Amino acid sequence: LFRRYGLWFRLRKLIIWLLGVYIAIPFLVKLCPAIQAKLVFLNFVRVPYFIDLKRPQDQGLNHTCNYYLQPEEDVTIGVWHTVPAALWKNARGKDQLWFEDALGSNHPVILYLHGNAGTRGGDHRVELYKVLSSLGYHVVTFDYRGWGDSIGSPSERGMTYDALHVFDWIKARSGDNPVYIWGHSLGTGVATNLVRRLCERETPPDALILESPFTNIREEARSHPFSVASTQYFPGFDWFFLDPITTSGIKFANDENVKYISCSLLILHAEDDPVVPFHLGKKLYNIAATSRSFRDYKVQFVPFHTDLGYRHKYIYRSPELPRILREFLGKSEHEHHH
């Protein structure tokens, strides 16, 4: 009898504790929006953990140089520059100046803006750099302030400013070569923020590519598998969890930004994406396709069937990708030169 009573007592204690946590977490998030910001950025998640970002060659990127740039006084960001396959042989053992000069060689440049969590050395990111390099592109990518070995604390404004700084740095070295911007996941929010600003100051990029994009961070947070489960069991979910995101000044409003963007736009999305639901990418496409700002530009949506299993971050595996990019960017390059 005593044993049974002890077990029941322990169980009751556990239930009360779980209930306490269940009630406390939302209030914590509500009172401290910085927690919510951390959950959006996940910049403290450094997988793969043990890689030395100063040594891209450890990730199989033998034709990549690591730089550090300084967008603002207390901010330093780590940058990787991978040259096109045609320059691999020459790149061996060369210094930063050689790599910077190489941006002026006759090859297009892709500025890649990664999603949340991890670093510029994340596995699927590295695989994409290799694919793009083999297709003849320079790939320049970096960790926003607060990610990887970049110094500073993360914010939407800061991430956008870092991207603007790297874009201007590329443009100062790339001559007349086309410069494309590629954003993935949360990076699509940085990408449309950036391109909207570039279009407003009349220096648009040659094209924008959004991989697995959402409409805005609020809709994305509401559609996340964790949220979908929580909304069913948790009254006031929006007030507790979504409002603090907005309070933190985090919007990543792709749906608003595309109304002010005038350059070619390509959206890539896998139907089986478990992180950013496919319907959000489609919805963004529909907003862009009917927007007056894209009147004279091509807007294209490429879905990848569930059977392919590309999910949230494996579109780089598509054997169709080289053709898709060639057909899409070939036309933008054509527009660029006429």
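Just so we're clear, the structure is a prediction, and the values are computed from it rather than from any experiment.

How each quantity is defined
- Residues numbered from 1 in each chain as written.
- Predicted model: local features only at pLDDT ≥ 70, side-chain atom pairs only at ≥ 80, totals over all residues.
- Heavy atoms only, no water.
- Helix = DSSP H or I, 4+ residues; strand = E, 2+ residues; numbered from the N terminus.
- Buried < 20%, exposed > 50% of the residue type's maximum accessible area, 1.4 Å probe, protein only.
- Contact = heavy atoms within 4.5 Å.
- Phe/Tyr/Trp six-rings, centres within 6.5 Å; stacked < 30°, edge-to-face > 60°.
- Lys NZ or Arg CZ within 6 Å of the ring centre and 35° of its normal.
- Patch = residues over 30% accessible without salt bridge, like charges linked within 9 Å, V, L, I, M, F, W, Y side chains within 5 Å.
- Areas by Shrake-Rupley, 256 points an atom, 1.4 Å probe, with all protein chains shown as cover.
- Salt bridge = Lys/Arg side-chain N within 4 Å of Asp/Glu carboxyl O.
- Pairing = 2+ DSSP bridges.
- Axes fitted to C-alpha atoms, helices over the stretch in contact; angles between N-to-C directions.
- 1 Å grid on protein atoms, 1.4 Å probe; cavity = no way out; pocket = protein on both sides within 12 Å on 5 of 7 lines; lining within 4 Å.
- Points joined across faces, edges and corners; volume = space filled by probe spheres on them.
- Nonpolar A, V, L, I, M, F, W, Y, C, P; charged D, E, K, R; others polar.

Student: Can you walk me through the overall build of the protein chain in this structure?
Tutor: Each helix and strand in the protein chain was counted, giving 13 helices and eight strands. Put simply, the protein chain has 338 residues, and 50% of those count as buried. Residue pairs at least 24 apart in sequence account for 76% of intrachain contacts in the protein chain once pairs closer than 6 positions are excluded.

Student: What am I meant to see in the packing of aromatic side chains here?
Tutor: Ring pairs (aromatic) are described by centroid distance and by the angle formed between their planes. Applying the stated rule across the entire model yields 11 aromatic pairs. Measuring from ring centre to ring centre gives 5.5 Å for phenylalanine 41 and tryptophan 147, while their planes differ by 70°; the resulting arrangement is edge-to-face. Highlighted residues: phenylalanine 41 in helix H2 (residues 33-41) and tryptophan 147 in the loop between strand S4 (138-142) and helix H6 (156-171), separated in sequence by 106 residues. Between the aromatic rings of tryptophan 98 and phenylalanine 99, the centroid separation amounts to 5.1 Å while the plane-to-plane angle is 80°, which identifies the pairing as edge-to-face. Cluster of aromatic residues (ring-pair linked, three or more members): Phe41, Phe142, Tyr144 and Trp147. Note that lysine 94 overlies the ring of tryptophan 98, its terminal NZ or CZ placed 5.7 Å from the centroid. Sitting above the plane of the tyrosine 260 ring, arginine 196 keeps its charged end 3.9 Å from the centroid.

Student: Just to check I follow, could you spell out a nonpolar patch on the surface for this structure?
Tutor: On the surface, Tyr5, Trp8, Phe9, Leu11, Leu14, Ile15, Trp17, Leu18 and Val21 cluster together to form a nonpolar patch covering roughly 940 Å² of accessible area. Mapped onto the secondary structure, isoleucine 15 falls in helix H1 (residues 2-31). Residue classification places isoleucine 15 among the partly exposed residues on the basis of a relative accessible area of 47%.

Student: What should I look at first to understand the pattern of salt bridges in this one?
Tutor: Where side chains of opposite charge bring their charged atoms close, a pairing between them can arise. Under the defined criterion, the tally for this structure stands at 14 salt bridges. Glutamate 72 is the partner of arginine 145 in a salt bridge, and the nearest nitrogen-oxygen pair spans 2.7 Å. One end of the pair, arginine 145, is in the loop between S4 and H6; the other, glutamate 72, is in strand S1 (residues 64-72), and 73 residues separate them in sequence. Given a relative accessible area of 5%, arginine 145 falls into the buried group. A residue is classified by how much of its surface remains accessible, and glutamate 72, at 26% relative accessible area, is partly exposed.

Student: Could you clarify how one ought to interpret the sheet that holds strand S3 (residues 109-113) in this entry?
Tutor: Strand-to-strand pairing in sheets goes through backbone hydrogen bonds, with the strands running parallel or antiparallel. Strand order across the open sheet formed by eight strands is S1-S2-S4-S3-S5-S6-S7-S8, with mixed pairing between neighbours. Strands with a single pairing partner mark the edges of an open sheet, and in this sheet they are S1 and strand S8 (299-304). Between one strand axis and the next, the sheet turns by 20° as a mean value, whatever way the strands run. Here four bridges tie S3 to S4, and the two strands are oriented parallel to one another. Bridging across to S4, tyrosine 112 finds its partner in threonine 141.

Student: Looking at this structure, I do not really get empty space enclosed by the protein. What am I missing?
Tutor: If you roll a probe as big as a water molecule over the atoms, it shows you where there is empty space left. Throughout the structure, instances matching the rule amount to one cavity of 30 Å³ or more. One number sums up the size of the largest cavity: a volume of about 50 Å³. Around the largest cavity, the lining residues are Tyr112, His124, Leu128, His184, Glu211, Lys313 and Tyr316. Residue composition of the lining of the largest cavity, by class: three nonpolar, two polar and two charged.

Student: Hey, could you run me through unusual backbone geometry in this one?
Tutor: Most peptide bonds adopt trans geometry, and most residues besides glycine take a negative phi value. Phi at leucine 42 takes a positive value of approximately 50°, unusual for a residue other than glycine. Locating leucine 42 in the fold gives a position in the loop between H2 and S1. Residue class for leucine 42 comes out partly exposed when judged on its relative accessible area of 24%. Phi angles above zero are rare outside glycine, and serine 212 is one such case at about 55°. Relative to the assigned elements, serine 212 resides in the loop between strand S6 (207-211) and helix H8 (217-223).

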